[in-house]
Structures are given as C-alpha cells and as structure tokens.
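Each chain is listed here by its residues.
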Amino acid sequence: MSGSGPYGSGAGAWRPAPDSLHQNAAFPRVGLITPLALKSPSQFRNLLPGPLNLSSSKYSRELEELRTLGGKASTARSPDQTMIAMFWGELSLFRTFNEIARNLISERNDDLWESNRTLALLNVAMADSYVAVFDAKYHYQFWRPTMAIRWADGHEKAAADSWLPLLPTPPFPEYPSGHAAACGSAQIILESAFGRSTPFAATATTLFPAGYRRSFSSFDDASRECVEGRMLSGAHFRFSDEDALYLGQHVSRYAIRNILAAR
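Note that the structure is predicted; figures quoted are calculated from it, not measured.

Trainee: Even after reading the chapter, I still don't get the overall build of the protein chain, so can you show me in this structure?
Mentor: Helix and strand counts for the protein chain stand at eight helices and four strands. When the helices and strands of the protein chain are placed in sequence order, the string is β-β-α-α-α-α-α-α-β-β-α-α. Over its C-alpha atoms, taken along the principal directions, the protein chain stretches across nearly 60 × 40 × 35 Å. Relative to its full complement of 263 residues, the protein chain shows a buried share of 54%. Of the contacts made within the protein chain by residues no fewer than 6 positions apart, 80% connect residues no fewer than 24 positions apart. Computed over 26 positive and 25 negative side-chain charges, the separation of the two mean positions in the protein chain equals 3 Å.

Trainee: Help me out: how do you make sense of the pattern of salt bridges in this one?
Mentor: Opposite charge on two side chains makes pairing possible when the charged atoms of those side chains draw close. Applying the stated criterion across every chain yields a total of ten salt bridges. The salt bridge involving aspartate 110 is made with arginine 108; its shortest N-O contact spans 2.7 Å. On the basis of relative accessible area, arginine 108 is assigned to the partly exposed category, the value being 39%. Measuring nitrogen to oxygen at the nearest pair gives 4.0 Å for the salt bridge that ties arginine 117 to glutamate 114. Of this pair, arginine 117 and glutamate 114 both sit in helix 4 (residues 112-140), three residues apart, roughly one helical turn. By relative accessible area, arginine 117 is classed as buried at 13%. One network of salt bridges, with partners in common, ties together Glu65, Glu228 and Arg238.

Calculation notes
- Residues numbered from 1 in each chain as written.
- Predicted model: local features only at pLDDT ≥ 70, side-chain atom pairs only at ≥ 80, totals over all residues.
- Heavy atoms only, no water.
- Helix = DSSP H or I, 4+ residues; strand = E, 2+ residues; numbered from the N terminus.
- Buried < 20%, exposed > 50% of the residue type's maximum accessible area, 1.4 Å probe, protein only.
- Contact = heavy atoms within 4.5 Å.
- Lys, Arg positive; Asp, Glu negative; His and termini not counted.
- Charge placed at Lys NZ, Arg CZ, Asp CG, Glu CD.
- Salt bridge = Lys/Arg side-chain N within 4 Å of Asp/Glu carboxyl O.

Shown next, in the form of structure tokens:
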C-alpha cells in the first residue's frame, strides 16, 4: 500500500528522501488494521512522548551522532558497528525471531502445546507492535535523518554535498522505529518463555552471506543492540528506537496478560 501525500513542508515534517526506493508514502493504512490482541492500534500511543523538540540540546546531540556514525561514507563507524547496522537492517524480523524461538524450543524440547503457545504469542505481539508503530508514524509524521541532516541549516543542500545513510531511507515517517518495536516485543515474549538470562545466537537472512551469526547473552542484550543498529544504519534517531522498544514491550506484556493463558 502506498499514498502520494500530502507531505509536510516545515522543519520536522516527513517528506520523501532522495535515496528511498520510491517517493510515495508507503504503508499508510497499516495503522488502521484491527489488531490481534490490542483493543485498538492507538491503545498505547499515549506512552510515546513524541519526537524531540528540534531546538533541544538532546536533539542536536542525536542529530550529530547520526551524521557521524550513520552515514554511508562514515569514517567514524567501526567495522563491527557496520555489521551491527547491517544485521538489524534485516527486511523481516519475523523470520529472525521465529528462528530464535524455534531453536530455543528445540533445545529445551518443549511439548507441542507450549511450542505453539510461544510461537503464537511471539507472532501476534510482533504483528500488533507493527500496527501500533504505523498508527504512531502517521500520527507524528516525523522526518527521517536523511532529510533532517539535509535541512539542518534551514535549506536543502546541493545533492552532491548531501549526507546519505548507510542503508536506504525507508519511504515512510521515522517516529517511532518499527524494527525497534519488534525487538522490544520479541524480547518480552521470549523472556516470558525462556527466562531473562537465556543466551542465544541469531542468523542474518537478507543482508549478509548465508550463515552470518551474532551471539547474545540475553534478550535484553539483543534489544539494546537493535536500538544501536537502527541508529548506525542511518534510519532512525536513537530516541525513536528507545521509545519504540518501550512501546513494543508494552504490547507484549498486554498480549501475555490477555490472550493464550498459560496452562
């Protein structure tokens, strides 16, 4: 699904970025989908503080962090930071977290009932987190770092002199981060199923040669790296990732309390 606008024109308003795959606003109706567990797409929107004020010192710091570490031509980003950005740039985190869950289920030899409950909760909660995110994205319609950096001095810079992110700018509003919400949502479901201190490994599926793996000491460890990775990719401000992680966690806690009760 996509739409053609209208787009904002003022500072902070979302507009298409020149490096996006297309110039239409993608997925504008995802936030209208009836959730599977939540009462409504906007149920937890009030938990989000919204994008930072553009005149705040924190916004300035985070904008400079992105300019320095999230750019395609960055010389400050380490090789490992680039790998983190690429890993959490996976096109579908459903595949990533379902593989993690299936591996842990197999290691523990869960029975069919418990296995199905874990996988159902994981996918319901992640799906609802994306619905909640897109409800918020099109409510706030906040600009992507690509455009924020290009317009930081009050006017768009010449294309030849303009900053570009490590990964292409997604063609929809920035705040909050969909990937970070999915990470927070998966974290809570997997912690509930396997415990907070469970170590695990995850395999990349789309942006790396087959078999690239990263290891984590806990689900919280993975969530914190997810936040970092989305900033390092140039796709999101750190505050957008942190707020989305919090949103996704709340979606999962609600799902655990209200559907598929443990036996």
